[in-house]
Structure formats: C-alpha cells, structure tokens
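Architecture and fold: a report
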Amino acid sequence: MSLSCFAQAPQSPGAAPDVKPTILDPVANKRVAEISSQLRCLVCQNQSIADSNAELAIDLKNQVVKQIAAGKTNEQIIDFMVERYGDFVLYNPPFKLSTLLLWVGPALFFVFALAALFWTLIKRKQQKAKPLTAEEKARAEALLKGTKSNTKKGAV
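Summarised in this report is the structure supplied together with it. Quick caveat: nothing in here was measured; it's all calculated off a predicted structure. (Residues numbered from 1 in each chain as written. Predicted model: local features only at pLDDT ≥ 70, side-chain atom pairs only at ≥ 80, totals over all residues. Heavy atoms only, no water.)

1. A word on helix α3 (residues 74-85)
The end-to-end C-alpha distance of α3, which contains twelve residues, comes to 16 Å, matching closely the 16 Å that a straight helix rising 1.5 Å per residue would cover. When we look at burial in α3, the residues that qualify are N74, I77, I78 and M81. Buried residues of α3 fall within an arc of 95 degrees about the axis and therefore sit on the same side. Among the exposed residues of α3, those oriented more than 90 degrees off its buried face are E75, D79 and E83. After α3 finishes, the residue G86 shows a positive phi value of roughly 90 degrees. (Helix = DSSP H or I, 4+ residues; strand = E, 2+ residues; numbered from the N terminus. Expected span 1.5 Å × (residues − 1). Buried < 20%, exposed > 50% of the residue type's maximum accessible area, 1.4 Å probe, protein only. Arc of directions from axis to C-beta.)

2. A word on the packing of aromatic side chains
Per the stated rule, a full pass over the model turns up one aromatic pair. When the ring of F95 is compared with that of W103, the centres are 6.4 Å apart and the planes differ by 65 degrees; the resulting orientation is edge-to-face. A residue is classified by how much of its surface remains accessible, and F95, at 58% relative accessible area, is exposed. The residue whose ring lies beneath R40 is F88, and the NZ or CZ to ring-centre distance is 4.9 Å. When the ring centre of F80 is taken as origin, the NZ or CZ atom of K72, which lies over that ring, is 5.9 Å away. (Phe/Tyr/Trp six-rings, centres within 6.5 Å; stacked < 30°, edge-to-face > 60°. Lys NZ or Arg CZ within 6 Å of the ring centre and 35° of its normal.)

3. Description of the packing of helix α1 (residues 26-38) against helix α2 (residues 55-69)
Two elements in contact, α1 and α2, have axes whose closest approach is 10 Å; the angle formed by their N-to-C orientations is 135 degrees. The pairing of α1 with α2 is recorded here as oblique in orientation. By crossing handedness, the relation of α1 to α2 is classed as right-handed. The segment α1 lies against α2, with A28, R31, V32, I35 and S36 engaging K61, V64, V65 and I68. Grouping the amino acids of the contact of α1 with α2 by side-chain chemistry returns six nonpolar, one polar and two charged. (Axes fitted to C-alpha atoms, helices over the stretch in contact; angles between N-to-C directions. Parallel < 35°, antiparallel > 145°, perpendicular 65-115°, else oblique. Left-handed = near helix turned anticlockwise from the far one by under 90°. Contact = heavy atoms within 4.5 Å. Nonpolar A, V, L, I, M, F, W, Y, C, P; charged D, E, K, R; others polar.)

4. So, a negative patch on the surface
Taken together, E34, E75, D79 and E83 make up a surface patch of like negative charges. Considering each element in turn, the negative patch owes the most residues, three residues, to α3. Within the fold, E83 resides in helix α3. (Patch = residues over 30% accessible without salt bridge, like charges linked within 9 Å, V, L, I, M, F, W, Y side chains within 5 Å. Areas by Shrake-Rupley, 256 points an atom, 1.4 Å probe, with all protein chains shown as cover. Salt bridge = Lys/Arg side-chain N within 4 Å of Asp/Glu carboxyl O. Lys, Arg positive; Asp, Glu negative; His and termini not counted. Charge placed at Lys NZ, Arg CZ, Asp CG, Glu CD.)

5. A look at the nonpolar core
Proteins that are soluble and globular tend to have nonpolar side chains buried together. Residues I35, L39, I49, V64, I68, M81 and V89 are the most contacted members of the largest nonpolar core, which totals 18 residues. If you list the elements that add at least two residues to this core, you get α1, α2 and α3. No other element matches the five residues that α2 contributes to this core. Discounting chain neighbours no more than four positions away, the residues touching I49 are S36, L39, R40, C41, A57, L60, K61 and V64. (Core = buried A, V, L, I, M, F, W, Y, C linked by side-chain atoms within 4.5 Å.)

6. Describing a nonpolar patch on the surface
A surface patch of nonpolar side chains, about 680 Å² in accessible area, is lined by F110, V111, L114, L117, F118, L121 and I122. By the secondary structure assignment, L114 is in helix α4 (residues 100-126). Using a relative accessible area of 34% as the deciding quantity, one classes L114 as partly exposed.

7. A look at the side chain of S48
Looking at where S48 falls in the secondary structure, it is placed in the loop between α1 and α2. S48 sits in the buried class, given a relative accessible area of 5%. With sequence-adjacent residues up to four places away left out, S48 is seen in contact with S36, S37, L39, R40, C41 and Y91.

Shown next, in the form of structure tokens:
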C-alpha cells in the first residue's frame, strides 16, 4: 500500500503549524487499516480493500489515505465510499429495505431446508414397506449364505 499521499504541509514562518499526517504517523496508518478493513473490494468481493491487491482496491486505499490527509473523520470517509459505490462496499451493510434479503435470507434458507428435511422424514416414515415375494426372499437368503440362487437366470 502506498502511503506517499501523506505529507507535511509547508509552513510559513510565524504561522501556526498546520499538522498533516505523515507516512510515519502511526495513528493515521491505524485509521487507514481500520477503514480499509471495513470496505469490501469491489473486484474480489470476498476480501476487504486492506487484504486485496486488485488495482481498484489500491485506488480505494489511496482514496482513504487522501481523505485522512484532508482531515475527514472515519464516518465521513465511509459515507463518501457508500455514496459513491453503494451499500455493497460495506462488509456490514445497514439493515434497511434494500438489504432485507441479505440479512434475512440465510435464516429463511435454513428454515426452508429444515422444513424440507422434516417433510421428507415424515413422508418416508409414512411409506409402507411392501413385503418381499417368495422369490425375493429366497434370493436374499442365498446372498446372505453366500450361495448362488437359481431363481432367476443371471442373478447372483
């Protein structure tokens, strides 16, 4: 990750120092890591921009660095990213109508799968086992004894 965007602003003599984060600023670096871990890589989709090496993820990290250097808060930076890329950029999207299926979907799928399992088990239990014919019984006994049955040609 390139943090070369951090630079100290030039100071004019006698003016109050305008302190900007530098590449060596541990607080700014921690903020970059914290914000980057909350944002999803739009290319990889299963990684945060902190973990991704995709070009877009690097651009987004650099944007976070620039915004921190501009003095924006974490919330302002995240709001900027959401405004630009939508809720999908967040690893923990907010609970609202457009993300309802995202939050409720796994629970609905689990309930549906559980209901299907119970329905299958009930149906299986209700099925009556049909009794074996005399020929099938003889063949089963022959198989259990290890002998060949002559009840059907080609049967083992």
